[in-house]
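# Structure at a glance
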Amino acid sequence: MKYLHLIWAALFRRKARTFFTLVSILAAFLLFGMLDATRSAFSSGGDSVIGVDRLLTTSRYSIIQSLPASLSTRMQAVPGVKNVGYANWFGGIYQDPKNFVLSFAVSDNYLDIYHEIVLPPEQRKAFESTRTGAIVGEALAKRYGWKVGDKIPLQSTIFPQRNGDKTWPFDLVGIYTPAKGAANGTDQQFFFHHKYFEDANAFQSVGTTVGWYVVQLTSADKADSVAKAIDALSANSDHETKTQTEQAFNASFVKQLGDIGLIVSAIMGAVFFTLILLTGNTMAQAVRERTNELAVLKTIGFSSRSVLGMVLTEGILLLLLGGILGLAMASVVVPIVAKGSGGMLNLPPLGMQTWVLGIVLMLVIGALVGALPAIRAMRLNIVDALAGR
């Protein structure tokens, strides 16, 4: 640290070059922070420990293919099953096509299965007794300025009513909060009665089909045996099922979009490879310009190791300055992007893991780009350097 003033002076010897290099590093780590938040958003949706006692049963062939409502009673009789609920995708839009609402028609016992949806008792009672009643997450209600008592018109992207109108009226009777440990995005959802959906849906006969089943287990340890038993109920039929844990279902759903982790890694690999070339060239050029100065330092008593350490530290300091600024900016930008997406992208704030990984990358890249110039400086021959050779 006693040579920090020398390192700092050398780093900003060419201010314009250092500035543009810092901007490049900042941009790289800003991108790293945002992409890592995106990866976390997609991978954390099924990480909630609250749902370990739940299974999801969907069509074996496609999630958009409905299942018979008659399966519910048979599934309930399977040993290890505590409760069976069901739901259907609705795909609502509020006022403007850009205002997509994550909306579901759910069974009457749905809230008994999803304990992370915390609803005040009086609002739960109102929901149960109101045919057109709906409940929404607090983040979704805040986004659109909804409050209990409002009438919410949602236009379905798929299902028209029996009268041909695609705009469904709902009475907002409750605003729930997610319990601690709930999956990311829980507070961005809209729920209403499946019975209302059946009665008014032009594409469905009352009580015939459901979108998917949610199975609550008596014990999470029975997940595999129960899943096999449920799938055996419809084996060799025209409605074969696939039953899996909630985490596995969410992971498979995300994989339909692509391997997010691989995509993020590939992008960041290309970014950091380019960054290494850029900063490596900057460091090499900076050391070449200071050959005489480094020779003078050795002449007045600086050891080769000291010169090596100073040049290496210069490279690491360059990466730390730009990288920390980039991650700090990402910490500010990520919530703004999440808010601007209207709830469609629930990006979590940058966590300690992202910061630690980012700083490790700064140190490693700084050491890599500084290594060759530092070794060259360490091996510098005083006589040849002062002679300009």
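The structure this text deals with has already been given above.
Now for a description of the structure that goes with this document. Per chain, residue numbering runs from 1 following the sequence as it is written. With the structure being a predicted model, the display of local features is reserved for residues of pLDDT at least 70 and the display and counting of side-chain atom pairs for 80 or more, all residues being used for whole-chain, interface and lining totals. For side-chain calculations, the full set of non-hydrogen atoms in the structure is used, while hydrogens and water are omitted.

## Observations concerning the packing of aromatic side chains
Quick note on the threshold: For this analysis, a ring pair means two rings from Phe, Tyr or Trp (six-membered ring only for Trp) whose centres lie within 6.5 Å, classed as stacked if their planes differ by under 30 degrees, edge-to-face if by over 60, and tilted for the remaining angles. In this description a helix means any DSSP run of H or I spanning at least four residues, a strand means any run of E spanning at least two, and both kinds are numbered starting from the N terminus. Whether a residue is buried, partly exposed or exposed follows from its accessible area with a 1.4 Å probe, protein chains only, as a fraction of its type maximum: under 20%, in between, or over 50%, in that order.
With the rule as written, the count across this model stands at 29 aromatic pairs. An angle of 70 degrees between the planes, with centres 5.5 Å apart, marks the rings of tryptophan 89 and phenylalanine 104 as edge-to-face. In this pair, tryptophan 89 sits in strand β3 (residues 81–89) while phenylalanine 104 sits in strand β5 (residues 100–106), placing the two residues 15 residues apart along the sequence. Taking the relative accessible area as the measure of exposure, phenylalanine 104 reaches 11% and is therefore buried.

## Comments concerning the pairing of strand β9 (residues 167–178)
Defined as follows: Whether two strands pair comes down to DSSP finding at least two bridges between them.
Pairing analysis gives two bridges linking strand β6 (residues 117–118) to β9, with the strands arranged antiparallel. Looking at β9, one finds that isoleucine 117 is bridged to proline 178. Alignment of strand β7 (residues 133–137) against β9, held across five bridges, turns out to be parallel. What sits directly across from glycine 133, in β9, is aspartate 171. Of the strand pairs in this sheet, strand β8 (residues 151–156) and β9 are connected by five bridges, and their pairing is antiparallel. Looking across to β9, one finds that glutamine 155 is bridged to threonine 167.

## Description of the pattern of salt bridges
When the charged atoms of two side chains lie near each other, side chains of opposite charge can form a pair. We apply this condition: Any carboxyl oxygen of Asp or Glu that lies within 4 Å of a side-chain nitrogen of Lys or Arg is treated as forming a salt bridge with it.
With the rule as written, the count across this model stands at eight salt bridges. When the shortest N-O distance is used, the salt bridge between glutamate 116 and arginine 54 registers 2.7 Å. Of this pair, glutamate 116 sits in the loop between α4 (110–113) and β6 while arginine 54 sits in strand β1 (residues 54–59); the two residues are 62 residues apart in sequence, bridging distant segments of the chain. For the pair glutamate 116 and arginine 54, one class covers both residues: buried. With a closest N to O distance of 2.4 Å, aspartate 171 and lysine 151 form a salt bridge. Of the two residues, aspartate 171 is situated in strand β9 and lysine 151 in strand β8; the sequence distance between them amounts to 20 residues. The network of salt bridges with shared partners includes Arg54, Glu116 and Glu246.

## Some remarks on empty space enclosed by the protein
Test applied: A 1.4 Å probe that fits into a set of points on a 1 Å grid over the protein atoms alone but cannot get out defines a cavity; an open set with protein on both sides within 12 Å along at least five of seven lines defines a pocket, and lining residues are those with an atom within 4 Å of a point. Grid points are joined across faces, edges and corners, and a volume is the space filled by probe spheres set on the points. Throughout, the ten residues Ala, Val, Leu, Ile, Met, Phe, Trp, Tyr, Cys and Pro are labelled nonpolar, Asp, Glu, Lys and Arg are labelled charged, and all others, Gly among them, are labelled polar.
Scanning the entire structure with this criterion turns up one cavity of 30 Å³ or more. In terms of lining, the largest cavity is formed by Ala10, Leu11, Arg13, Arg14, Arg17, Thr18, Thr282, Met283, Ala286, Glu314 and Leu318. Listed by contribution, the elements that provide at least two residues to the lining of the largest cavity are α1 (4–11), α2 (15–43), α10 (260–289) and α12 (304–340). At three residues, α10 tops the list of elements feeding residues into the lining of the largest cavity. Partitioning the lining of the largest cavity into residue classes produces five nonpolar, two polar and four charged.

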